[in-house]
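# Secondary and tertiary structure notes
One-letter residues, chain by chain:
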Amino acid sequence: MNKLVITLMLIGLSLSTYAQKSFDRFEDMKDVTSLVMNQKMFKLLGKMDLDSNDPEMKNYIDMVNSLEDIKLFSTKNANAAKAMKAEFSSYKASEKLEQLMSVKDDGKNVNFYYKPGKSDDFVSEFLMFIDGETNDDDTVLIKITGNIDLKEIGKIANSINFKGSDELKNVKVN
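Every value quoted in this text rests on a predicted model; they were computed, and no experiment measured them. (Residues numbered from 1 in each chain as written. Predicted model: local features only at pLDDT ≥ 70, side-chain atom pairs only at ≥ 80, totals over all residues. Heavy atoms only, no water.)

## Thoughts on the pattern of salt bridges
Inclusion rule: Salt bridge, as used here: a side-chain nitrogen of Lys or Arg that lies within 4 Å of a carboxyl oxygen of Asp or Glu. A run of H or I in DSSP counts as a helix once it spans at least four residues, and a run of E counts as a strand once it spans at least two, with each numbered from the N terminus. Three labels apply to residues, based on accessible area from a 1.4 Å probe with only protein chains included: buried if under 20% of the type maximum, exposed if over 50%, partly exposed otherwise in between.
Inspection of the entire model under this criterion finds six salt bridges. Lys115 is the partner of Glu95 in a salt bridge, and the nearest nitrogen-oxygen pair spans 2.9 Å. Residue Glu95 is located in the loop between α4 (78–94) and β3 (98–105), and its partner Lys115 is located in strand β4 (residues 108–116); the two are separated by 20 residues in the primary sequence. Glu125 serves as the salt-bridge partner of Lys115, at 3.7 Å between the closest nitrogen and oxygen. A residue pair is termed long-range when its members are at least 10 positions apart, and Lys115 in strand β4 and Glu125 in strand β5 (residues 122–131) qualify at 10 residues. Judged by relative accessible area, which is 23%, Lys115 ranks as partly exposed. Exposure remark for Glu125: the relative accessible area of 5% places this residue in the buried category. Salt bridges sharing common partners tie together Glu95, Lys115 and Glu125.

This is how it looks when you write it as structure tokens:
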């Protein structure tokens, strides 16, 4: 019985480690451009002396403080693109992410997935994948975690200047 409990604990630990370390291998991969921002960076941005009397700026600060991390990866390299696609497919299945929407435009397939949050308007994780493996476009993977208001995704896109982030503006909320 003790062996069974220990085995189950080890499996659970390895799965949680996989979830936390997902996509990290792309940070140092040759031919992959990456941008990784963590909660410390967001807290620093939230503490900056910005005009907090401005309601729009206050909303922006609240949005930044609700984020845990943003990971963005982009490549034109076919092997790296194939690895990103495989990791994306495996991750969305293992984490049981739900599809928010998909867009096929001008030869690009853009997929948006999420993990539900505290209410219908919020998600705890947002994942976007642009499949550029079959053409000359970049393959892009964006993962955002935190307490994310879906209405704010467009503002996040405006805050970061990275290939593929402009696709975040296409997220539609009911």
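Text resumes after the structure shown.
## Quick word on the pairing of β5
Heads up, the condition is: Being paired, for any two strands, means DSSP has found at least two bridges between them.
The element β5 is largely enclosed, with a buried count of nine among its 10 residues. Pairing geometry for β4 and β5, over eight bridges, is antiparallel. Across the sheet, Pro116 pairs through a bridge with Val123, a residue of β5. In textbook terms, the turn of a hairpin is the stretch between consecutive antiparallel strands, and for β4 and β5 this stretch comprises five residues. Taken together, the eight bridges between β5 and strand β6 (residues 139–149) define a ladder with antiparallel strand orientation. Looking at β6, one finds that Met128 is bridged to Ile142.

## A few points about the nonpolar core
For the record, the criterion: Throughout, nonpolar core names a set of buried Ala, Val, Leu, Ile, Met, Phe, Trp, Tyr and Cys residues whose side chains join them through atoms within 4.5 Å.
Within the largest apolar cluster, 21 residues are counted, with the highest numbers of intra-cluster contacts made by Phe126, Met128, Ile144 and Ile148. Only α3 (55–65), β2 (67–75), β4, β5 and β6 provide two or more residues apiece to this core. Core analysis: the second largest hydrophobic core is formed by 14 residues, Phe23, Phe26, Phe129 and Leu141 among them.

## Describing unusual backbone geometry
Residue Asp31 is not a glycine yet carries a positive backbone phi of 70 degrees. Checked against the element boundaries, Asp31 lands in the loop between α1 (2–21) and β1 (32–38). Using a relative accessible area of 45% as the deciding quantity, one classes Asp31 as partly exposed. Positive phi outside glycine occurs at Lys96, with the angle close to 55 degrees. Within the secondary structure, Lys96 sits in the loop between α4 and β3.

## Some points on the sheet that holds β4
We count it as follows: Geometry is summarised by axes, namely lines fitted to C-alpha atoms with helices restricted to the contacting stretch, and by angles between N-to-C directions that run from 0 to 180 degrees. Only heavy atoms enter the contact rule, under which two residues are in contact if any of them lie within 4.5 Å.
Here six strands make up an open sheet; going across it, the order is β1-β2-β6-β5-β4-β3 and the pairing antiparallel. Edge positions in the open sheet fall to β1 and β3, since each of these has one partner strand only. In this sheet, neighbouring strand axes are inclined to one another by 10 degrees on average, regardless of whether the strands run parallel or antiparallel. Packed onto the sheet, α4 meets β1, β2, β4, β5 and β6 and runs at close to 150 degrees relative to β5.

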